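Letter by letter, the chains look like this.
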Amino acid sequence: MNSDKKIFGIAATFKTPDEIINAAKKVTSSGFVEFDVNTPYPVHGMDKAMKIKPSKLGFVTLVTGLSGAAIALLFMYWTMSVDYPLVIGGKPFFALPAFIPVTFELTVLLATVSTVIAMIALFFRLPDNKHPLHDTEYMKSVSADKYGIVIESTDAKFDEAAVTDFLKKLNPIKIEVIYYPEEETYPIFQPKFIMLLVVIAVVVSGGTYLMLNKLMYITPFNWMMEQDKLNPQHSSELFSDGYGMRTPVEGTVAKGFIPYPYMGQTNPTEVLSNPFLPTKENIELGKGKYFTYCSPCHGDFADGDSRLRGQFPNPPTLHSNRGREFSDGMIYHIITNGQNVMPSYASQITREERWAIVNYVRVLQRAKNASDSDLIEMNKETGSNVTK
Amino acid sequence: MNIDYSQEVPTVAGRLTPAQIEELVAKPMETKPNKKYFIALSISVSLLLIGATFLAFSLYYGTGLWGNNQPVGWAFPIVNFVFWVGIGHAGTLISAILFLLRQKWRTGIARFAEAMTIFAVMCAGIFPIIHTGRPWLAGYLTPYPNQHSLWVNFTSPLVWDVFAVSTYFTVSFVFWYVGLIPDFATLRDRTASKLKKTIYSVFSLGWRHSNRHWTHYEKSYILLAGFATPLVLSVHTIVSFDFAVSIIPGWHTTIFPPYFVAGAIFSGFAMVVTVLVFVRKIFDLQHIITLDHLEKMNKVILLTGMMVGYAYAMEFFIAWYSGVQAEQFVFINRAFGPYAWAYWIMVSCNVIFPQFFWFKKIRRSIPIMMVIVILVNVGMWFERFVIVVTSLSRDFLPSSWAYYKPTIVDFGILLGSFGLFFTLVILFTKSLPVVSISEVKASADGAQPTHHGGADHE
């Protein structure tokens, strides 16, 4: 026996499950703590004989399973109700019954996978291929059909001679002293195995590269990019004029556009009446559009004080008697049709927005030419006390 | 090693010692494959290559090569998907549900059935992905932050399916691997080859058969079985939701989840019996996978076959009882319409032929059993065909009715999926222990302490 070697423990091998249970009981009752039993399969009653407490693995499962459920529900709530709410099949954004299947699946997935990972990594402290027990005769026999017990040298009561005697009294078929390996060997670092890993790494990374960066750009995978269809603004051989785009049939009305029949006429006021009530929202809309399209020339309060510094002729004020006597239809017509140097705004401002501007112009006109009764009315409405 | 083959062994492993069990199970991995093995492998690889060729054509020219068209847009790919997922269910049932029910006879067949689950789910997974037409974009099925800032529709059964099937595959695989760890350790300590030893060492993770580990290990097995049991029921339930959540007459029924689960177990057991009959013969495992196992599985087939038959009858009853005209039409059309041939193949294979299993002699006769289980496999494939095709081909609008005909490419890909399945099974039988060594050792005679033995030993 080489005395330089450090002892890991002393192992005894037995032939029957009854003997190993008995041995485990004896070892436990003699006060040994750092020992282990190795059997080719779980032997019933061994936990009791070794005084092992019930496994706490279930707590890992409980916690991770509940987290799986919570993660799934919160994620679906966030995606379907917060980040991008979509009405699907008339269901509410948070459609709990429809979320149950995915919640269940993620619960199971997280619980099982993390239970197994926790068991292997935390409870077993595996992988551990350089444990002293590996590659011993002892390990080979308990891996097959023998039952073994090993008392480890880290135990407080460990003494080589005493433990050997103690184990001999239990009638084992064999006693083996197990040493720490002289130099640690790593079968994983065999050249053949390293080569295998390198080959796998090259194949996987190369395959991924080719797949994502090459395969997607060759036929037929790129067929989505090359399609037999007409693109806007492109030429086509299908039509005799060579244009890909077609002009609409005469008289076509685009969606949302109502044709204006009074273009070019001077005064169609008799037939145009304002279809919109001057509600707060409508006036707000008109105000916004007025500031965008009208105020550069007409001024912020329709006084005709252009911001354009003479680059374009100043329009007259809208607070003149003539301006105030225009019917709503007339103002609408002027915006739509244009007047003198003022161009038509029909293409920039929608129909509704034009009527909203008309309402806002009326607001400005009344504000600029307020009467005493207006002030009383305003004080009443806002609860303020403004005097003249 | 001398094992007496002249007598049939009544229970798991019979009088075999642990060493003999190990020897038997490890033998296929330690001997060079013989001629029969290569013949079997070449047949299955040929099927696989036929399927791969047709699939390559489909990917190049597009899914127009298939028979799918309006109104039958689901057709073969979905039929095959449901068929293969169903096959997988037997494995989880044997490994998880029978484990929780303390059915010891499961130990001999659990490993193999679990492996078949994994392979069947692989085959199943192919079909919905190729059915999308652009399988290389399958990543869109997962919810990931993307440039469209869109998420998948979590209220859609098709998304539930993605989660159910991928979870099912992962959990089955993890369950299978946990069972394999002690066996890898045993193989590691048996082998003389250095390379094999390295590979087994890596996969065994340095397992030491320590009882301090077995405690947690057994706990984890119960936990995994406890999760796998509702999981396996949920998977085919969710597969049935693909149909039941729609409003197509013949699909929109509440009986679908239990009906699908029963059908899945039915077809799965039939497939397990089909394959095990060969495996036990080829690898001399008659003592571990006994005739009793096969008989018990045949009983399960008989039971689930009658459950499926009950569901067929109940569908008709509810169609009549509900008073919904469209529903009534669909079921009369199923039994007497243009697809009546498929319907009656389904009924005879799934309901009538399994009735022979009432006779003990037939349950224990391998040739007759083989014929019946293969008919069950055929019948269960036709069940999915009937559900998918008859309902779609004649729905609400008579003007869009059409008769669906699969093309040769459809059949080629179906054949290829069988090729893939059997290739994986054949490779598995030679590279991994087809029977759980540690579990069978634990349930052999004399493997557990006698409980008074410890006291007598003094």
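Conventions and cut-offs
All residue numbers here refer to positions counted from 1 along the written sequence of the relevant chain. Lettering for chains starts from A, numbering for ligands starts from 1, and both go in the order in which the items are written. With pLDDT at 70 or above as the cut-off, local features in this predicted model cover only qualifying residues; side-chain atom pairs require 80 or more to be listed or tallied, and sums for whole chains, interfaces and linings still use all residues. Strands are runs of DSSP state E lasting at least 2 residues, helices are runs of H or I lasting at least 4, and numbering of each runs from the N terminus. In this description, any two residues whose backbone-derived C-beta atoms lie within 7 Å of each other are considered to be in contact. Residues with at least 20 other C-beta atoms within 10 Å of their own are called buried, those with 12 or fewer are called exposed, and the rest are partly exposed. The C-beta atoms themselves are positioned from the backbone. Amino acids outside the nonpolar list (Ala, Val, Leu, Ile, Met, Phe, Trp, Tyr, Cys, Pro) and the charged list (Asp, Glu, Lys, Arg) are all regarded as polar, and Gly is one of them. Strands were regarded as paired on the criterion that DSSP finds at least two bridges between them. Note that the arc is computed from the directions linking the helix axis to the C-beta atoms. Fitted lines through C-alpha atoms give the axes, limited to the stretch in contact for helices. The angle between two N-to-C directions lies from 0 to 180 degrees. Every residue carries a pLDDT, the predictor's confidence in it, which falls somewhere between 0 and 100. Nonpolar cores are built from buried Ala, Val, Leu, Ile, Met, Phe, Trp, Tyr and Cys residues. These are joined into a set through C-beta atoms within 7 Å. Angles below 35 degrees are treated as roughly parallel, those above 145 as roughly antiparallel, those between 65 and 115 as roughly perpendicular, and all remaining angles as oblique. Less than a right angle of anticlockwise turn of the near helix away from the far helix marks a crossing as left-handed, whereas a clockwise turn marks it as right-handed. The span expected for a helix works out to 1.5 Å for each residue beyond the first.

Caption draft 1: Quick peek at the overall build of chain A. What chain A contains, in helices and strands, is 12 helices and 4 strands. In terms of its C-alpha atoms, chain A occupies a principal-axis envelope of roughly 125 × 70 × 45 Å. Taking as baseline every contact in chain A between residues at least 6 positions apart, the subset at least 24 positions apart corresponds to 70%.

Caption draft 2: The arrangement of the overall build of chain B in detail. The helix and strand tally for chain B stands at 16 helices and 0 strands. In terms of overall dimensions, chain B has C-alpha extents of about 85 × 55 × 45 Å along its principal axes. Burial statistics for chain B: of 458 residues in total, 50% are counted as buried. Contacts spanning at least 24 positions in sequence make up 82% of the contacts within chain B whose residues lie at least 6 apart.

Caption draft 3: Broad picture of the interface of chain B and chain A. Facing the 62 residues of chain B at the interface are 72 residues of chain A. At the level of elements, helix 1 (18-30), helix 2 (35-61), helix 5 (157-190), helix 6 (194-204), helix 7 (211-244), helix 15 (437-443) and helix 16 (453-456) of chain B are the ones that each hand at least two residues to the side of chain B that touches chain A. Here the side of chain B that touches chain A takes 15 residues from helix 7 of chain B, the largest share from any one element. Residues that form the side of chain B that touches chain A fall into these classes: 29 nonpolar, 25 polar and 8 charged.

Caption draft 4: Representation of the pairing of strand 2 (residues 35-38) of chain A. Residue and element names in this part refer to chain A. Of the two faces of strand 2, both are covered, the one formed by Phe35 and Val37 as well as the one formed by Asp36 and Asn38. Across 4 bridges, the pairing between strand 2 and strand 3 (residues 147-152) is antiparallel. Paired with phenylalanine 35 across the strands is isoleucine 151, a residue of strand 3.

Caption draft 5: Spotlight on helix 11 (residues 340-352) of chain B. Residues and elements named next belong to chain B. Of all the residues in helix 11, the buried ones are Tyr343, Met346, Cys349 and Asn350. Projected down its long axis, helix 11 carries its buried residues within an arc of 145°, all on one side. Those residues of helix 11 that are buried are in contact with helix 9 (291-322), helix 10 (325-336) and helix 13 (366-393).

Caption draft 6: Geometry of the sheet that holds strand 4 (residues 174-179) of chain A. Residue and element names in this part refer to chain A. One open sheet accounts for 4 strands, arranged 2-3-1-4; its pairing is antiparallel. The open sheet is flanked by strand 2 and strand 4, the only strands paired with a single partner. Between one strand axis and the next, the sheet turns through 20° on average, direction left out of account. Sheet analysis places strand 1 (residues 7-14) next to strand 3, joined by 6 bridges and oriented antiparallel. What sits directly across from threonine 13, in strand 3, is glycine 148. Where helix 5 (residues 137-144) meets the sheet, it contacts strand 1, strand 2, strand 3 and strand 4, and its direction lies at approximately 140° from that of strand 3.

Caption draft 7: Focus on the confidence of the model for chain A. This prediction gives chain A a mean pLDDT of 87; 96% of its residues lie at or above 70. Helix 12 (residues 372-382) of chain A is the least confidently modelled element of chain A, averaging 82 in pLDDT, while helix 3 (residues 57-83) of chain A averages 95, the highest of any element.

Caption draft 8: How the structure looks around the nonpolar core. Of all hydrophobic cores here, the largest spans 151 residues; its most connected members are Ala75(B), Met116(B), Phe269(B) and Val272(B). In contact with Val272(B), not counting residues within four places along its chain, are Ala90(B), Ile109(B), Ala113(B), Met116(B) and Met297(B). Ala12(A), Met46(A), Ala49(A) and Val142(A) belong to the second largest nonpolar core, which has 25 residues in total.

Caption draft 9: Expanded view of unusual backbone geometry. The omega angle of the peptide bond from Leu126(A) to Pro127(A) is 0°, so this bond is cis rather than trans. Tracing the backbone shows Pro127(A) in the loop between helix 4 (96-123) and helix 5. Backbone geometry at Leu205(B) places phi at a positive 60°, although glycine is not the residue there. On the secondary structure map, Leu205(B) appears in the loop between helix 6 and helix 7. Residues other than glycine seldom take positive phi values, yet His209(B) does so here, at roughly 60°. Mapped onto the elements, His209(B) comes out in the loop between helix 6 and helix 7. Exposure remark for His209(B): the 26 C-beta atoms within 10 Å place this residue in the buried category.

Caption draft 10: Quick peek at the environment of Phe356(B). Residues and elements named next belong to chain B. Within the element layout of this structure, phenylalanine 356 appears in the loop between helix 11 and helix 12 (360-363). Taking the C-alpha atoms as reference points, phenylalanine 356 and isoleucine 368, separated by 12 residues in sequence, lie 9.3 Å from one another. The residues touching phenylalanine 356, leaving out its near neighbours within four places in the chain, are Ile362 and Ile372.

Caption draft 11: Quick peek at the packing of helix 5 of chain B against helix 6 of chain B. Residues and elements named next belong to chain B. The N-to-C vectors of helix 5 and helix 6 enclose an angle of 155°; their axes lie 8 Å apart at closest approach. Between helix 5 and helix 6, the crossing angle belongs to the class labelled roughly antiparallel. The hand of the helix 5/helix 6 crossing is left-handed. For the pair helix 5 and helix 6, contact is made by Ile181, Phe184, Ala185, Leu187 and Arg188 and by Lys197, Tyr200, Ser201, Phe203 and Ser204, respectively. Across the contact of helix 5 with helix 6, the residue classes tally to 6 nonpolar, 2 polar and 2 charged.

Caption draft 12: Representation of helix 9 of chain B. An ideal rise of 1.5 Å per residue puts 46 Å on 32 residues; helix 9 of chain B measures up with 46 Å between its terminal C-alpha atoms. Two residues or fewer past helix 9 of chain B, Gly323(B) is found with a positive phi of approximately 75°.

Caption draft 13: Representation of the environment of Glu439(B) within the structure. Along the polypeptide, Glu439(B) turns up in helix 15. On the basis of neighbour count, Glu439(B) is assigned to the buried category, with 23 C-beta atoms found within 10 Å.

Caption draft 14: Spotlight on the packing of helix 8 (residues 256-282) of chain B against helix 13 of chain B. Residues and elements named next belong to chain B. Close contact between helix 8 and helix 13 brings their axes to 9 Å; oriented N to C, the two are set at 140°. Of the possible angle classes, the one that applies to helix 8 and helix 13 is oblique. Handedness of the crossing formed by helix 8 with helix 13: left-handed. Counting all contacts with helix 8, which are made through Gly263, Phe266, Ser267, Ala270, Met271, Val273, Thr274 and Val277, the residues of helix 13 involved are Ile366, Met369, Met370, Val373, Ile374, Val376, Asn377, Met380 and Glu383.

Caption draft 15: Structural detail: the confidence of the model for chain B. Residue and element names in this part refer to chain B. Chain-level pLDDT for chain B is 89 on average; 95% of the residues reach the 70-or-more range. Note that residues 1-11 has pLDDT below 50 and, in this model, 12 contacts with residues that lie over four places away or in other chains. Every residue in residues 453-458 is under pLDDT 50, and counting partners more than four places away or in other chains gives 9 contacts. Overall fold confidence (pTM) sits at 0.79, and the ipTM for the predicted complex is 0.91.

Caption draft 16: Structural view of the environment of Ala49(A). All names here are of chain A. You can see alanine 49 is positioned in helix 2 (residues 46-50). With 22 C-beta atoms packed within 10 Å, alanine 49 lands in the buried category. Considered as a pair, alanine 49 and asparagine 274 are 225 residues apart in the sequence and their alpha carbons are 96 Å apart. In this structure, alanine 49 is in contact with Ile21, Ala24, Lys25 and Thr28, ignoring residues within four places of it in sequence.

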